[in-house]
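Residue-level structural notes
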Amino acid sequence: MNGTEIRKGNRGRGERLWSWLFLLPTILFLGFTALLPLLYSLYLSLFQYKINLPNAVPKFIGIGNYLRMLQDKNLGVSVGNTVLFAVVSVSLELVLGLLAAMMLCGTNRIYRIFTSLLLIPMIMAPVAIGTLFRMMLDGSTGIINYLLHFVGVPQMNWLSNPKTAMPAVIFVNVWQLIPWVCIITMAGLKSLPQDALEAARVDGAKNRHIFFQIVLPMISPLLIIVLMLRFVDAFKVFDTIYTMTNGGPGNATEMLPNYIYKQGLKFFDAGYTAALAMAFVFSMTIVSFLFLRWRKAVEERVL
């Protein structure tokens, strides 16, 4: 090994060292704010601990809290509601967001104006959106019933009827998050190589063939990432549901985060709450891993 190779090796080790030094503050911050609470939650999930009892002492029960989940019927209802909410809302957001992105993908000024207007639901606070739609969907004073009255639709109690409460909260979530899907998808559409699209048009390919055979396969890795992020985020929905229905009527719209919140801050069952949170984190980690594996397989097939 000559002197030049030695100097290059030393320079490479020095650059890696400086890279780790620059990353050290972020690693320490994430360790204190994310890893330590996660480890403490894992530790607490092994105990029976009611924090509202005076002089309460944690009682070690091992995996008792995790076994309790298997017999918790209310937990099963909340998980079913969350899965239904996530699947329906994310599917609608992906389809409608992709359609909106294709419609607004032009470069004219009018497209930029519509894109800016489309961002309004996304930048609003979820609590504000939930409060706004709770008033709009009110059975007696809401503007939705007032407008539907003119087309002959009878008055409905949207948020107090178990049959309409879930569609109502899904509609609000879809309305809020379509812009996010649209913006991300629009960026992917604009990054496509125009030569391939022009060549397909010259060969006489129709628009639907270009979309399904060229555009969709090329942006499918991006769509899978969008799908993953929205699916995980849909499982975490709390603010909008809390302000609109608080999980009601009954438990018709009770999502998993709402159920965990009630176990911790209403029933003060810290051990069971920690176990629920750990199961939630573990499940979302597996879901994210499966999505990433799917994306890798699709990306390899496209390339």
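Predicted, not measured: the structure shown is a model, and the values here were computed from it.

Here the focus is the overall build of the protein. Scanning the protein from N- to C-terminus turns up 13 helices and two strands. Computed over C-alpha atoms, the radius of gyration of the protein comes to 25 Å, more than 25% over the 19 Å expected from 2.2 N^0.38 for 303 residues, which places it beyond the range of a compact globule. Along the first, second and third principal axes, the C-alpha set of the protein runs to 75 × 70 × 30 Å. Within the protein, buried positions represent 35% of all 303 residues. In the protein, 70% of the contacts between residues at least 6 apart in sequence involve partners at least 24 apart. Of the roughly 18700 Å² of accessible surface on the protein, 68% is carried by carbon and sulfur atoms. Positive and negative side-chain charges in the protein, numbering 25 and 14 respectively, have mean positions lying 3 Å apart.

A few words now on the packing of aromatic side chains. Evaluation of the coordinates by the stated rule reveals 14 aromatic pairs. Relative to F212, the ring of F211 lies with its centre 5.0 Å away and its plane at 80 degrees, an arrangement referred to as edge-to-face. Ring centres of F238 and Y242 lie 5.4 Å apart, and the angle between their planes is 20 degrees; on these two criteria the pair is classed as stacked. In this structure F238 comes out as partly exposed when scored by relative accessible area, which is 23%. Exposure remark for Y242: the relative accessible area of 35% places this residue in the partly exposed category. When the ring centre of Y272 is taken as reference, the NZ or CZ atom of R68 above it lies at 3.7 Å.

Across all of its chains, the model carries five salt bridges by this definition. Across the pair E299 and R295 runs a salt bridge whose closest N-O atoms are separated by 3.2 Å. Of this pair, E299 and R295 are both found in helix α13 (residues 270-302), four residues apart, which corresponds to roughly one turn of the helix. Look at E299 and you get partly exposed, because its relative accessible area is 28%. For R295, a relative accessible area of 24% puts it in the partly exposed group.

Turning our eyes to something else, we now look at the environment of D72. Locating D72 in the fold gives a position in the loop between α2 (64-69) and α3 (73-103). Separated by 146 residues in sequence, D72 and M218 have C-alpha atoms that sit 44 Å apart. Filtering out sequence-adjacent residues up to four positions away, D72 remains in contact with Y259 and Y272.

Residues three or four positions apart in an α-helix share a direction because the helix packs 3.6 residues into each turn. Over its 29 residues, helix α8 (residues 162-190) runs 42 Å from end to end, which matches the ideal 42 Å to within 8%, given 1.5 Å per residue. Of all the bends in α8, the greatest reaches close to 35 degrees and is centred on L177; the proline P179 follows between one and four positions later. Backbone nitrogen of K163 and a side-chain oxygen of the N-cap are separated by 3.0 Å at the start of α8; the cap is N161.

A few words now on the nonpolar core. Core analysis: the biggest nonpolar cluster contains 38 residues, and L75, F85, L137, M244 and L276 have the highest contact counts within it. Those elements giving two or more residues to this core turn out to be α3, α6 (126-136), α8, α10 (207-235), α11 (239-244), α12 (256-265) and α13. Beyond its immediate chain neighbours, meaning those up to four positions away, M244 contacts G130, F133, R134, L137, L159, A168, V169 and V172. The next biggest cluster of nonpolar side chains, apart from the first, holds 15 residues, and it includes A100, A101, L189 and L197.

With that out of the way, let us pick up the environment of G80. Examined against the element boundaries, G80 turns out to sit in helix α3. With 202 residues separating them in the primary sequence, G80 and F282 have C-alpha atoms 17 Å apart.

With that out of the way, let us pick up the UniProt feature "transmembrane region" (unreviewed entry) in the protein. According to UniProt, the "transmembrane region" (unreviewed entry) feature falls on residues 20-43, 83-105, 117-137, 165-189, 210-232 and 270-292. With 100% helix and 0% strand, residues 20-43 has its two end C-alpha atoms placed 30 Å apart. Across residues 83-105 one finds 91% helix and 0% strand; the C-alpha atoms that close the span lie 32 Å apart.

Let's shift gears to the side chain of T164. Relative to the helices and strands, T164 is located in helix α8. Within the structure, the side chain of T164 is placed 2.7 Å from the backbone oxygen of W158, a separation counted as a polar contact.

How each quantity is defined
Residues numbered from 1 in each chain as written. Predicted model: local features only at pLDDT ≥ 70, side-chain atom pairs only at ≥ 80, totals over all residues. Heavy atoms only, no water. Helix = DSSP H or I, 4+ residues; strand = E, 2+ residues; numbered from the N terminus. Rg over C-alpha atoms; globule rule 2.2 N^0.38 Å. Buried < 20%, exposed > 50% of the residue type's maximum accessible area, 1.4 Å probe, protein only. Contact = heavy atoms within 4.5 Å. Areas by Shrake-Rupley, 256 points an atom, 1.4 Å probe, with all protein chains shown as cover. Lys, Arg positive; Asp, Glu negative; His and termini not counted. Charge placed at Lys NZ, Arg CZ, Asp CG, Glu CD. Phe/Tyr/Trp six-rings, centres within 6.5 Å; stacked < 30°, edge-to-face > 60°. Lys NZ or Arg CZ within 6 Å of the ring centre and 35° of its normal. Salt bridge = Lys/Arg side-chain N within 4 Å of Asp/Glu carboxyl O. Expected span 1.5 Å × (residues − 1). Bend = angle between axes of the 7 residues up to and from the residue. Polar contact = N/O pair within 3.5 Å; in protein donor to acceptor, adjacent residues only side chain to side chain. Core = buried A, V, L, I, M, F, W, Y, C linked by side-chain atoms within 4.5 Å. UniProt positions renumbered as here; feature names shortened; annotations may be inferred.

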